[in-house]
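Chains, contacts and geometry: an overview
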Amino acid sequence: MQGASKTALMVCAYRARISRWERPLFVDRWAEALAGEDGHAIARAFDTHWPAMESWMALRVAYLDRLVGLAVDRVGVRQVVILGAGYDTRAARLPYAGVRWFEVDHPDTQAAKRERLAALPGYPVDAATYAPCDFEREDPIDRLLAAGMSPREQTLVIWEGVVPYLTEAAVRATATRLASGLDPRSIVAFDCVGKNMADGARLNEQDQGTRAFVGDLAEPVRFGSDHITPLLAACGYRWVRSVGFDDLALQFLGDYDRDRLFRFQRIVLCSPSTPDTPWP
Ligand SMILES: C[S@@+](CC[C@H](N)C(=O)[O-])C[C@H]1O[C@@H](n2cnc3c(N)ncnc32)[C@H](O)[C@@H]1O
């Protein structure tokens with residue numbers, strides 16, 4: 001990635017659109033202003049490559065919001081880390097009492113976000129603590145500890161829309177540090193694309209276009225996996241669950257649409273220890 005992330009603005013624009021659905025799965029009242037016309041322009045251009053992106057974004061955000069709710073209400077988690085936060089507004093949207101939010105991101109994207117937030121009247125900038133970190137070069141746990149995160153407190157980590165853009169080395173290094181540096185009861189949630197999307201092999205024309213589009217935004221897809229458990233086991237995780245796009249659509253939208261394209265995204269939950277609580 002060179003400079004501030006453009007895909008982060010794009011997904012923020014999708015959150016703004018989804019917030020206007022007749023029956024939205026969530027409402028992000030900050031997304032419209034944060035995305036700006038530049039974010040919407042990127043999203044409109046992406047629509048032509050993968051029309052299902054808006055649905056996927058709605059499901060991904062709704063599922064992860066729900067995970068935060070369960071972590072806080074059922075499990076008593078009081079520390080949430082958002083890795084590769086982009087224009088994420090959960091710290092403002094989900095203001096659970098007593099919960100500390102940490103946002104970690106590439107320094108360029110984080111600086112761009114903070115500039116936009118500063119121009120947004122009423123946004124509670126102090127709801128999160130900000131820690132810059134380039135996952136390709138730096139240790140997120142060191143950055144989080146420097147920012148005041150407690151390594152002895154059960155933590156929920158949301159690593160949303162980031163893993164596909166990292167090298168496998170950075171995915172492994174970051175996942176390994178999270179497993180060893182956080183309280184072992186912590187849960188890490190991330191989304192992942194399939195191997196073909198990352199290496200570009202055996203893709204149909206439409207998926208080639210989707211892959212090329214983000215590559216042209218200087219954020220090429222670099223990591224994908226069809227079977228993530230071996231990597232996570234090697235990184236120190238002992239519990240792994242994953243849920244696919246179709247399953248989430250059925251759960252949240254009540255439909256299974258066979259024509260929905262590029263359905264091989266998954267959300268993965270993992271922990272260094274086996275949780276006592278059932279996760280969704
Ligand atoms: C598609 S955006 C997702 C943003 C946010 N999580 C969301 O879902 O709205 C990708 C994010 O990954 C971050 N990212 C990409 N490469 C990174 C790196 N090497 N180190 C840290 N963050 C990185 C970008 O800065 C950006 O915020």
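From a predicted model like this one, the values you see are computed outputs, not experimental measurements. (Residues numbered from 1 in each chain as written. Predicted model: local features only at pLDDT ≥ 70, side-chain atom pairs only at ≥ 80, totals over all residues. Heavy atoms only, no water.)

1. Here's the deal with the overall build of the chain
Tallying secondary structure elements over the chain gives 11 helices and 7 strands in all. Summarising its shape, the C-alpha atoms of the chain cover approximately 45 × 45 × 40 Å along the three principal directions. Scored against the burial criterion, the 280 residues of the chain give a buried share of 55%. Counting only carbon and sulfur atoms, one obtains 50% of the accessible surface of the chain, whose full area is about 12000 Å². Charged side chains in the chain number 33 positive and 37 negative. The centres of these two groups are separated by 4 Å. (Helix = DSSP H or I, 4+ residues; strand = E, 2+ residues; numbered from the N terminus. Buried < 20%, exposed > 50% of the residue type's maximum accessible area, 1.4 Å probe, protein only. Areas by Shrake-Rupley, 256 points an atom, 1.4 Å probe, with all protein chains shown as cover. Lys, Arg positive; Asp, Glu negative; His and termini not counted. Charge placed at Lys NZ, Arg CZ, Asp CG, Glu CD.)

2. Considering the side chain of Arg15
Along the chain, Arg15 falls in helix 1 (residues 6-18). Not counting residues within four places of it along the chain, the set of residues in contact with Arg15 comprises Phe26, Asp28, Ala31, Met57, Val61, Tyr87 and Asp88. (Contact = heavy atoms within 4.5 Å.)

3. Some words on the sheet that holds strand 5 (residues 187-192)
Across the sheet, 7 strands lie side by side as 3-2-1-4-5-7-6; this open sheet has mixed pairing. The sheet is open, and its two borders are formed by strand 3 (128-132) and strand 6 (239-244), each paired with just one other strand. If you compare each strand with its neighbour and ignore which way they point, the axes differ by 20° on average. Here strand 6 runs beside strand 7 (residues 266-271); their pairing, made up of 6 bridges, is antiparallel. When the sheet's bridge partners are listed, Arg241 is paired in strand 7 with Leu269. With respect to the sheet, helix 3 (residues 53-75) is in contact with strand 2 (100-105), strand 4 (155-159), strand 5, strand 6 and strand 7, its orientation differing from that of strand 7 by roughly 25°. Contacts from helix 11 (residues 245-253) reach strand 6 and strand 7 within the one sheet, and its direction differs from that of strand 6 by about 70°. (Pairing = 2+ DSSP bridges. Axes fitted to C-alpha atoms, helices over the stretch in contact; angles between N-to-C directions.)

4. Quick notes on the site of the ligand
Inspection of the region around the ligand gives 22 residues, with Arg15, Gly84, Asp105, Thr109 and Glu160 positioned closest. Asp134 places a polar side-chain atom, nitrogen or oxygen, 2.9 Å from a nitrogen atom of the ligand. Phe135 is positioned such that a nitrogen or oxygen atom in its backbone is 2.9 Å from a nitrogen atom of the ligand. The protein chains hide 98% of the 590 Å² of surface that the ligand would expose on its own. Considered class by class, the residues forming the shell around the ligand number 9 nonpolar, 7 polar and 6 charged. (Near = heavy atom within 4 Å. Polar contact = N/O pair within 3.5 Å; in protein donor to acceptor, adjacent residues only side chain to side chain. Nonpolar A, V, L, I, M, F, W, Y, C, P; charged D, E, K, R; others polar.)

5. Let's talk about the nonpolar core
Within soluble globular proteins, side chains that are nonpolar tend to cluster in buried spots. Counting 66 residues, the largest nonpolar core has Met10, Tyr14, Phe46, Met53, Trp101, Leu156 and Leu269 as its most contacted members. With 12 residues, helix 3 is the single largest residue contributor to this core. Aside from chain neighbours lying at most four places away, what touches Leu269 is Tyr63, Leu67, Ile187, Val188, Ala189, Trp239, Val240, Arg241, Trp279 and Pro280. Among the nonpolar cores identified, the runner-up in size contains 33 residues, and Ile141, Trp159, Leu178 and Phe190 belong to it. (Core = buried A, V, L, I, M, F, W, Y, C linked by side-chain atoms within 4.5 Å.)

6. Quick word on the pattern of salt bridges
Applying the stated criterion across every chain, the model contains 22 salt bridges. Between Arg116 and Asp38 there is a salt bridge, with its nearest N and O atoms 2.7 Å apart. You can see Arg116 sitting in helix 5 (residues 107-118) and its partner Asp38 sitting in helix 2 (residues 31-47), a full 78 residues away along the chain. Given a relative accessible area of 26%, Arg116 falls into the partly exposed group. Asp38 gets classed as partly exposed once you look at its relative accessible area, which sits at 37%. As a salt-bridge pair, Glu160 and Arg60 come within 3.0 Å of each other at their nearest N and O atoms. (Salt bridge = Lys/Arg side-chain N within 4 Å of Asp/Glu carboxyl O.)

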